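Structural overview
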Amino acid sequence: MKISTSDYALYNRMEAAAQEAVEQVLAARTEGCTCQMCREDMQCLLLNQLKPQYVPLLPGISKEPWTLEDLGAKARAEVMAAAEHAVFVVRHNPRHGHERAPMQNCTEAMVLGALGEVLTREKLALGREELSRLMAEVLNELPPRYTTSFKGDAFARTEELEAASGASILTAIYGALKRLEMIPGSA
C-alpha cells in the first residue's frame, strides 16, 4: 500500500516556536546574513535539535502553533540556547549556492514507506483521521531530520538502509498502532 502526504494532515507545533526563536536571536544579533535561505537553514538546524510536537489536523484538535510563551521556562531556555547555536552555525557556514527545497522533515518520508508495508502486512485500511493520528504519534517518537535541500531525501534513504534506523521506525509504528488500538486484539 502506498501512502502519500495527501492522505493525512498534521502539523509540528514546534515549527512556529523554532521560527520565533530564530527571529528573536536574529533581532538581538545583527551581524551576518539574515536572508530567507539562511533563516530556513537556521530553523531546520534548530528543529533537528528539538523534540517534535506533531498534532493531527482534525476537527476538535487545536491547530494553534506553539509560541515560545507556550513552553515552560526550562524548555524555552533550551530552545533559545539551541537557536543561538543554530544561528551561529549557519552564519559561519551559509549555503547560498544550492538549489532549495521546501523545508521538510525527511523522517516523514522514511515513515511513509515503512508504514505502507506495515499496513499491507497487517491488512489495515485507515481513513484520513486515523492515518493523521497515527502519523503524528509515530513522528513524535522519532528524531526529526529537517532539511531545505533536495539531497535530504538521499540522506533519508541512506539512513533507511541502516538496520537500527529501520528497526526504530518499525518499533515506533507498531507502538503507535498498539497505543491507538488500531491493531485488532491490542486493547
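Residues numbered from 1 in each chain as written. Predicted model: local features only at pLDDT ≥ 70, side-chain atom pairs only at ≥ 80, totals over all residues. Heavy atoms only, no water.

**Structural notes on the overall build of the protein chain**
To be explicit about the condition: Only DSSP runs of H or I with at least four residues qualify as helices, and only runs of E with at least two residues qualify as strands; both kinds are numbered from the N terminus onward. Relative accessibility under 20% of the residue-type maximum defines a buried residue, over 50% an exposed one, and the middle range a partly exposed one, all with a 1.4 Å probe and only protein chains included. For this analysis, residues touch if any pair of their heavy atoms sits within 4.5 Å. The protein chains shown are the only cover counted for residues, whose accessible areas, like all others here, come from Shrake-Rupley with a 1.4 Å probe. Only four residue types enter the charge count: Lys and Arg as positive, Asp and Glu as negative, with His and the chain ends excluded. Every charge is mapped to an atom, namely NZ of Lys, CZ of Arg, CG of Asp or CD of Glu.
The helix and strand inventory of the protein chain stands at 7 helices and 4 strands. Per-residue burial over the protein chain gives 42% buried out of 187 residues. Considering only intrachain contacts with a sequence separation of at least 6, the fraction spanning at least 24 residues in the protein chain is 88%. Approximately 10000 Å² of the protein chain is accessible, and the part contributed by carbon and sulfur atoms is 54%. Separation of charge centres in the protein chain, based on 20 positive and 25 negative side chains, amounts to 2 Å.

**Brief notes about the side chain of Gln43**
Note that Gln43 resides in helix α2 (residues 36-47). Dropping the residues within four chain positions of it, Gln43 is found in contact with Glu15, Ala18, Gln19, Val22 and Met103.

**Focus on the nonpolar core**
The cut-off we apply is this: By convention a nonpolar core is built from buried Ala, Val, Leu, Ile, Met, Phe, Trp, Tyr and Cys residues, the set being connected through side-chain atoms within 4.5 Å.
Counting residues in each nonpolar core, the largest one holds 50 residues, and the members touching the most others are Leu46 and Ile173. Sorting the residues of this core by element identifies α1 (14-28), α2, α3 (73-92), α4 (106-122), α5 (128-141) and α7 (163-179) as the ones contributing at least two each. Dropping the residues within four chain positions of it, Leu46 is found in contact with Ala18, Ala21, Val22, Val79, Ala82, Ala83 and Ala86.

**Here's the deal with the environment of Leu180**
Note that Leu180 resides in the segment after α7. Distance in space between the C-alpha atoms of Leu180 and Leu47 is 26 Å, their sequence separation being 133 residues. Leu180 has contacts with Arg133, Leu134 and Glu137, leaving out every residue within four places of it along the chain.

**Observations regarding the environment of Ala18**
In this structure, Ala18 sits in helix α1. Given the relative accessible area of 0%, Ala18 is considered buried. Distance from Ala18 to Thr67, taken between C-alpha atoms, is 8.4 Å for residues 49 residues apart in sequence. When near neighbours in sequence (up to four residues on either side) are disregarded, Ala18 contacts Gln43, Leu46, Leu47 and Leu50.

**Let's talk about the packing of α1 against α2**
A pair of packed helices can be characterised by two numbers: the angle between their axes and the separation between those axes. Our working rule: Note on geometry: axes are lines fitted to C-alpha atoms, helical ones only across the stretch in contact, with angles between N-to-C directions running from 0 to 180 degrees. Oblique is the label for any angle not under 35 degrees, not over 145, and not in the 65 to 115 range, which are roughly parallel, roughly antiparallel and roughly perpendicular in turn. A clockwise turn of the near helix away from the far one marks a right-handed crossing, whereas an anticlockwise turn of less than a right angle marks a left-handed crossing. Under this grouping Gly is polar, as are all residues other than the nonpolar Ala, Val, Leu, Ile, Met, Phe, Trp, Tyr, Cys and Pro and the charged Asp, Glu, Lys and Arg.
The contact between α1 and α2 brings their axes to 9 Å, and the two run at 125°. In this view, α1 runs oblique relative to α2, as classed from their interaxial angle. In the crossing of α1 with α2, the sense of the turn from one axis to the other is right-handed. Between α1 and α2, the residues in contact are Met14, Glu15, Ala18, Gln19, Ala21, Val22, Glu23 and Leu26 and Arg39, Met42, Gln43, Leu46 and Leu47, respectively. Residues belonging to the contact of α1 with α2 are distributed by class as follows: 8 nonpolar, 2 polar and 3 charged.

**Thoughts on α2**
Test applied: Expected helix span is given by 1.5 Å per residue-to-residue step, counting one fewer step than there are residues.
The end-to-end C-alpha distance of α2, which contains 12 residues, comes to 16 Å, matching closely the 16 Å that a straight helix rising 1.5 Å per residue would cover. Among the residues of α2, Cys38, Arg39, Asp41, Met42, Gln43, Cys44, Leu46 and Leu47 are the ones counted as buried. Structurally, α2 contributes buried residues whose contacts are with β1 (10-12), α1, α3, β3 (100-105) and β4 (146-149).

**Quick look at the confidence of the model for the protein chain**
We apply this condition: Each residue carries a pLDDT score, the predictor's confidence in it, ranging from 0 to 100.
With 90% of its residues at a pLDDT of 70 or more, the protein chain has an overall mean of 88. Mean pLDDT across the elements of the protein chain ranges from a minimum in helix α6 (residues 152-160), with 54, to a maximum in α5, with 97.

**Focus on the pattern of salt bridges**
Note the threshold: The rule for a salt bridge is simple: a side-chain nitrogen of Lys or Arg has to be within 4 Å of a carboxyl oxygen of Asp or Glu.
In the structure shown here, the tally under the stated rule is 9 salt bridges. One salt bridge in this structure joins Arg100 and Asp41, with 3.1 Å as the shortest N-O distance. Remark: Asp41 occurs in helix α2 and Arg100 occurs in strand β3; sequence separation between them is 59 residues. For Asp41, a relative accessible area of 8% puts it in the buried group. The partner of Glu137 in a salt bridge is Arg179, with the nearest N and O atoms 2.6 Å apart. Of this pair, Glu137 sits in helix α5 while Arg179 is found in helix α7, placing the two residues 42 residues apart along the sequence.

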